[in-house]
Amino acid sequence: MDSAQKLADGIDRFTDLVGRATSWLALGLALVMGGNVLMRYGFSLGFIWAQEFEWHIMVPICLFGMSYAMLHGEHVRVDVLFQSFTPRNKHLIDVISAVLAMLFALVVIWLSIPYFLQSWNIGEGSANPGGMDYRYIIKSLIPIGFALFFVQSLSEAIKSTIAYRSA
């Protein structure tokens, strides 16, 4: 096995580990949402922090989940067109798509770092009274999530290039 394949395999293992760990947040999200509904409609109580906590849980699910979905082939693809291509052309499309995804990830990382740093510098919390503090922690997940997306896209590019060359 060559070093590029080993790199791709290592990235895949890491992404799978992060994705599986993050998937447990879905249970937490369901419990928080269920609790919020029960409190609101069962006891006429609502808490801003509890509603904000829902999207605080959703952020890592989305940002880390996109890399996990890419790893497992659950991302969106126009299969109507793709299925008619030859195997070699499919691999070429996958290489091009992975490179474009890497470029997109770099742009998002580049744009999100000042956004996160500004939030960090002011100690940003919720704008709502009774909301959650430390919003900058959630904003820090944007460049981290897209960094994971970048490396998973790199892995996909490596695997697709190897498959293209052997097709």
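Residues numbered from 1 in each chain as written. Predicted model: local features only at pLDDT ≥ 70, side-chain atom pairs only at ≥ 80, totals over all residues. Heavy atoms only, no water.

Caption draft 1: Just the overall build of the chain, in detail. Helix and strand counts for the chain come out as 5 helices and 0 strands. The helix and strand sequence of the chain, counted from the amino end, reads α-α-α-α-α. Counting only residues that meet the buried cut, the chain has 34% of its 167 residues in that class. Across the chain, every contact between residues at least 6 apart in sequence was considered, and the portion connecting residues at least 24 apart equals 77%. Counting every atom, the chain has about 10,400 Å² of accessible surface; 70% of that belongs to carbon and sulfur. Taking the average location of the 11 positive side-chain charges in the chain and that of its 12 negative ones, the two points are 6 Å from each other. (Helix = DSSP H or I, 4+ residues; strand = E, 2+ residues; numbered from the N terminus. Buried < 20%, exposed > 50% of the residue type's maximum accessible area, 1.4 Å probe, protein only. Contact = heavy atoms within 4.5 Å. Areas by Shrake-Rupley, 256 points an atom, 1.4 Å probe, with all protein chains shown as cover. Lys, Arg positive; Asp, Glu negative; His and termini not counted. Charge placed at Lys NZ, Arg CZ, Asp CG, Glu CD.)

Caption draft 2: View of the nonpolar core. Of all hydrophobic cores here, the largest spans 14 residues; its most connected members are Val59, Leu63, Phe64, Leu141, Phe146 and Phe149. Those elements that provide at least two residues to this core are helix 2 (48–71), helix 4 (87–122) and helix 5 (135–166). Of the residues forming this core, the biggest block, 5 residues, is contributed by helix 5. Not counting the four nearest positions on each side in its chain, phenylalanine 64 is found in contact with Val18, Thr22, Leu141, Ile144, Gly145 and Leu148. (Core = buried A, V, L, I, M, F, W, Y, C linked by side-chain atoms within 4.5 Å.)

Caption draft 3: Molecular detail of the packing of helix 1 (residues 3–43) against helix 5. Packing of helix 1 against helix 5 brings their axes to within 9 Å, and their N-to-C directions diverge by 140 degrees. Relative to helix 5, the element helix 1 lies oblique. The handedness of the crossing between helix 1 and helix 5 comes out as left-handed. The residues of helix 5 that touch helix 1, namely those facing Ala4, Gln5, Leu7, Ala8, Ile11, Asp12, Phe14, Thr15 and Val18, are Leu148, Val151, Gln152, Leu154, Ser155, Glu156, Ile158, Lys159 and Ile162. Along the lines of polarity and charge, the residues of the contact of helix 1 with helix 5 split into 11 nonpolar, 4 polar and 3 charged. (Axes fitted to C-alpha atoms, helices over the stretch in contact; angles between N-to-C directions. Parallel < 35°, antiparallel > 145°, perpendicular 65-115°, else oblique. Left-handed = near helix turned anticlockwise from the far one by under 90°. Nonpolar A, V, L, I, M, F, W, Y, C, P; charged D, E, K, R; others polar.)

Caption draft 4: A look at the packing of helix 1 against helix 2. One way to put it is that helix 1 packs onto helix 2 with a least axis distance of 8 Å and a crossing angle of 155 degrees. Classified by the angle between their axes, helix 1 and helix 2 sit roughly antiparallel to one another. Crossing of helix 1 against helix 2: the hand is left-handed. Split into classes, the residues belonging to the contact of helix 1 with helix 2 amount to 15 nonpolar, 7 polar and 5 charged.

Caption draft 5: Region of the structure containing unusual backbone geometry. The backbone of serine 44 shows a phi angle near 55 degrees, a positive value even though the residue is not glycine. Examined against the element boundaries, serine 44 turns out to sit in the loop between helix 1 and helix 2. The backbone phi angle of tyrosine 134 is positive, close to 65 degrees, even though this residue is not glycine. Here tyrosine 134 shows up in the loop between helix 4 and helix 5.

Caption draft 6: Spotlight on the pattern of salt bridges. Applying the stated criterion to the full structure yields 5 salt bridges. Close ionic contact of glutamate 124 with lysine 139 constitutes a salt bridge, the shortest N to O distance being 2.7 Å. Here glutamate 124, found in the loop between helix 4 and helix 5, pairs with lysine 139, found in helix 5; they are 15 residues apart in sequence, far enough to count as distant. Relative accessible area serves as the criterion here: at 12%, lysine 139 is assigned to the buried category. Within this structure, Asp12, Glu156 and Lys159 form a network of salt bridges that share partners. (Salt bridge = Lys/Arg side-chain N within 4 Å of Asp/Glu carboxyl O.)

Limitation: the analysis is restricted to geometry and does not speak to function.
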